[in-house]
Amino acid sequence: MIFAKVIGTVVSTQKDPKLTGKKLLLCKETDHSGKPLDTYHVAVDAVQAGEGDFVLLTYGSAARMTDLTKDAPIDAVIMAVIDEVTIEQEISVTPEQVRPKGME
Amino acid sequence: MIFAKVIGTVVSTQKDPKLTGKKLLLCKETDHSGKPLDTYHVAVDAVQAGEGDFVLLTYGSAARMTDLTKDAPIDAVIMAVIDEVTIEQEISVTPEQVRPKGME
Amino acid sequence: MIFAKVIGTVVSTQKDPKLTGKKLLLCKETDHSGKPLDTYHVAVDAVQAGEGDFVLLTYGSAARMTDLTKDAPIDAVIMAVIDEVTIEQEISVTPEQVRPKGME
Amino acid sequence: MIFAKVIGTVVSTQKDPKLTGKKLLLCKETDHSGKPLDTYHVAVDAVQAGEGDFVLLTYGSAARMTDLTKDAPIDAVIMAVIDEVTIEQEISVTPEQVRPKGME
Amino acid sequence: MIFAKVIGTVVSTQKDPKLTGKKLLLCKETDHSGKPLDTYHVAVDAVQAGEGDFVLLTYGSAARMTDLTKDAPIDAVIMAVIDEVTIEQEISVTPEQVRPKGME
């Protein structure tokens, strides 16, 4: 799943009939702390997410596993609004500086 | 889903029978504002998109969820022509320069 | 879908039974004009493509949508030999130099 | 499949009903020796993995193949805690320095 | 499909029940000539591949198309041991130096 923030909407009139009634949201990928990254995503909203919400996206056939999106031609859905991300054991991205537990 | 613009067509005679009657369009990926990026995509057109149209593509098994593309050996379909992309809360891609709303 | 040229064959004796009778072709990815890129692909041939042919590959579950490849453990198939790619509206990859139609 | 270490949890109240009762874990990708890499993953835990565990993730429709995750809108699951990775024939990543067996 | 060489094994006791009896092999991706690349893969072995074997991996739902791996939470399988890769028409990766057949 991918962390993202909702930043806008995508409007389309000329579209596949199965997209009718589905809200397409423009999202910006973030890291786990909500810090924005460079990638944008368009996803159907299955959880009434609002502008600015910190959300989780799921890609692929998983995107059609909500009641709203069943059988629709879409490959990304917002399926959770995030309350909190808790990190109990942070691991530095610089391997030389750490000696992760259990890896000595 | 992926933003793209339709820029051409791909013609094939020697092909899988399930591709018969499906238009293969050459698309150039764009960002959310329609600005062209470096990546090209070939996708079946399910919404009568025309040359120059700003469209949404969906990849994977989702590409076979339109009536036209059911069971066809394709992994990308154009399923919407975009009218408008509205951004209500832009987040800069340079984290150091911004203090995104809700992230202070 | 991905543009590629057929450049060779992959031979295997010790393989899953469902691969029997399927030709594995080595392909080199190309751009839309047939110019070779750095990436290689191995795909099952569903359209009797020959060495040097300019073809389209499809990835994922789509690869099992041809009669030949149904239920086989493969993730890529050649499903079309390309006759022609026609570009009616080229968009430069250098955004600063262009003002794409409809994006002013 | 992807090597990762469990480093935290993701909590969500406003979510798709099928996510209820599923624990979302924040994981950091590692190499095969458990050394942390830069990429983060969010995955459902299907094997009661704990903080700091060295695990395997599987992506895509495979993520819904556990009893816990059947039909849920998720694209990543932790399906194994790793005891040991044994390398019998290491191959350097610098081709010039090696002459892999059978490739002379 | 992906070229790789088998270089080790991954052992797990705490795992999804559907993984029981399936051998997880550590593989290193190679190019079409068997030259090692930087990427590692973990895949279930469906063809009794041995250490050092030059193999083909398939990803995604395709990984569950062997009798051994049906319905298992895995996204990669080894489904062929390669005997030989034959290249009849090599195309240089430096486009300026070649004029591929049929592209003049």
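As a starting point, this report considers the structure included with it. (Residues numbered from 1 in each chain as written. Chains lettered and ligands numbered in written order. Predicted model: local features only at pLDDT ≥ 70, side-chain atom pairs only at ≥ 80, totals over all residues. Heavy atoms only, no water.)

This part covers the overall build of chain A. From N to C terminus, chain A includes zero helices and six strands. Counting from the amino terminus, helix and strand elements in chain A follow one another as β-β-β-β-β-β. Within chain A, contacts between residues separated by at least 24 positions form 51% of all contacts whose residues are at least 6 apart in sequence. (Helix = DSSP H or I, 4+ residues; strand = E, 2+ residues; numbered from the N terminus. Contact = heavy atoms within 4.5 Å.)

Counting residues at the interface gives 34 residues for chain C, matched by 39 residues for chain B. Taking both partners together, chain C and chain B bury about 2,900 Å²; carbon and sulfur atoms supply 55% of that area. Applying the counting rule to chain C against chain B returns zero salt bridges. In this structure, the connection of chain C to chain B is made through 16 residue pairs in polar contact (both at pLDDT 80 or more). Every element with two or more residues in the side of chain C that touches chain B is listed here: strand 4 (54–59), strand 5 (76–81) and strand 6 (84–87) of chain C. Top contributing element to the side of chain C that touches chain B by residue count: strand 6 of chain C, with four residues. Its residues assigned to classes, the side of chain C that touches chain B comprises 20 nonpolar, eight polar and six charged. (Buried area = accessible area lost by both parts, 1.4 Å probe. Salt bridge = Lys/Arg side-chain N within 4 Å of Asp/Glu carboxyl O. Polar contact = N/O pair within 3.5 Å; in protein donor to acceptor, adjacent residues only side chain to side chain. Nonpolar A, V, L, I, M, F, W, Y, C, P; charged D, E, K, R; others polar.)

Here the focus is the interface of chain B and chain A. Tallying the contact residues gives 33 residues for chain B and 38 residues for chain A. Linking chain B with chain A are zero salt bridges, by the criterion used here. Run the count over chain B and chain A and you get 16 residue pairs in polar contact (both at pLDDT 80 or more). Of the residues forming the side of chain B that touches chain A, the biggest block, four residues, is contributed by strand 6 (residues 84–87) of chain B.

The next subject is the relation of the copies chain C and chain B. Superposition of chain C onto chain B requires a rotation of 72° combined with a translation of 0.0 Å along the rotation axis, giving an RMSD of 0.0 Å. What the superposition gives is, in effect, a five-fold axis relating one chain to the other. Little of the interface of chain C is mirrored in chain B: 6% of its interface residues are interface residues there too. (Least-squares fit on C-alpha atoms with pLDDT ≥ 70 in both.)

This part is about the environment of Arg64(D). Tracing the backbone shows Arg64(D) in the loop between strand 4 (54–59) and strand 5 (76–81). For the pair Arg64(D) and Val81(D), spaced 17 residues apart in sequence, the C-alpha separation works out to 18 Å. Residues within four places of Arg64(D) in sequence aside, it is in contact with Ser61(A), Ala62(A), Met65(A), Thr69(D), Lys70(D), Asp71(D), Ala72(D) and Ile74(D). In terms of polar contacts, Arg64(D) uses its side chain to reach the side chain of Ser61(A), at 2.8 Å.

Before going further, it helps to spend a moment on the pairing of strand 2 (residues 24–30) of chain B. All names here are of chain B. Buried residues dominate strand 2, accounting for seven of its seven residues. Alternating residues of strand 2 divide into Leu24, Leu26, Lys28 and Thr30 and Leu25, Cys27 and Glu29, and every residue in both groups is buried. With six bridges connecting them, strand 1 (residues 2–11) and strand 2 associate as antiparallel partners. Following the sheet pairing, Thr9 is matched in strand 2 by Leu25. Two strands pair when backbone bridges link them, and strand 2 and strand 3 (residues 36–45) are joined in this way by six bridges, in the antiparallel orientation. For Leu25, the partnering residue across the bridge sits in strand 3 and is Ala43. Hairpin connection between strand 2 and strand 3: a loop of five residues separates the two successive antiparallel strands, and Gly34 in this loop has a positive phi of roughly 90°. (Buried < 20%, exposed > 50% of the residue type's maximum accessible area, 1.4 Å probe, protein only. Pairing = 2+ DSSP bridges.)

Glancing now at the environment of Val11(A). Structurally, Val11(A) is set in strand 1 (residues 2–11). Distance in space between the C-alpha atoms of Val11(A) and Leu25(A) is 8.9 Å, their sequence separation being 14 residues. Filtering out sequence-adjacent residues up to four positions away, Val11(A) remains in contact with Ile82(B), Asp83(B) and Glu84(B).

What follows covers the nonpolar core. Grouped together as the largest cluster of nonpolar side chains are 91 residues, with contacts concentrated most on Leu56(A), Val10(B), Leu56(B), Phe3(C), Leu56(C), Leu56(D) and Leu56(E). Setting aside chain neighbours within four positions, we find Leu56(B) in contact with Val10(A), Leu24(A), Val42(A), Met1(B), Ile2(B), Phe3(B), Val77(B), Ile78(B), Met79(B), Ala80(B) and Ile82(B). Listed in part, the 13 residues of the second largest apolar core include Cys27(C), Ala43(C), Leu57(C) and Ile78(C). (Core = buried A, V, L, I, M, F, W, Y, C linked by side-chain atoms within 4.5 Å.)

The next thing to look at is the relation of the copies chain B and chain A. In this structure, two copies of a chain are linked by a rotation about an axis accompanied by a shift along it. Once chain B is rotated about the relating axis by 72° and shifted along it by 0.0 Å, it coincides with chain A to within an RMSD of 0.0 Å. With a heterologous cut-off of 20% or less, the 6% of interface residues of chain B that recur at the interface of chain A puts this contact in the heterologous class.

This paragraph deals with the pattern of salt bridges. All chains considered together, the criterion is met by five salt bridges over all chains. Of the charged contacts, one joins Asp71(A) and Lys70(A) as a salt bridge, the two residues approaching to 3.5 Å between their closest N and O atoms.

Turning our eyes to something else, we now look at the pairing of strand 5 (residues 76–81) of chain E. All names here are of chain E. Taking burial as the measure, the six residues of strand 5 include six buried ones, the bulk of the element. Of the strand pairs in this sheet, strand 3 (residues 36–45) and strand 5 are connected by two bridges, and their pairing is parallel. Looking at strand 5, one finds that Asp45 is bridged to Ile78.

Residues and elements named next belong to chain B. Residue placement: Lys22 occurs in the loop between strand 1 and strand 2. Despite its burial, Lys22 pairs with no opposite charge, the nearest such side chain being Asp16 at 7.9 Å. A distance of 2.7 Å separates a polar atom in the side chain of Lys22 from the backbone oxygen of Lys18. (Lys, Arg positive; Asp, Glu negative; His and termini not counted.)

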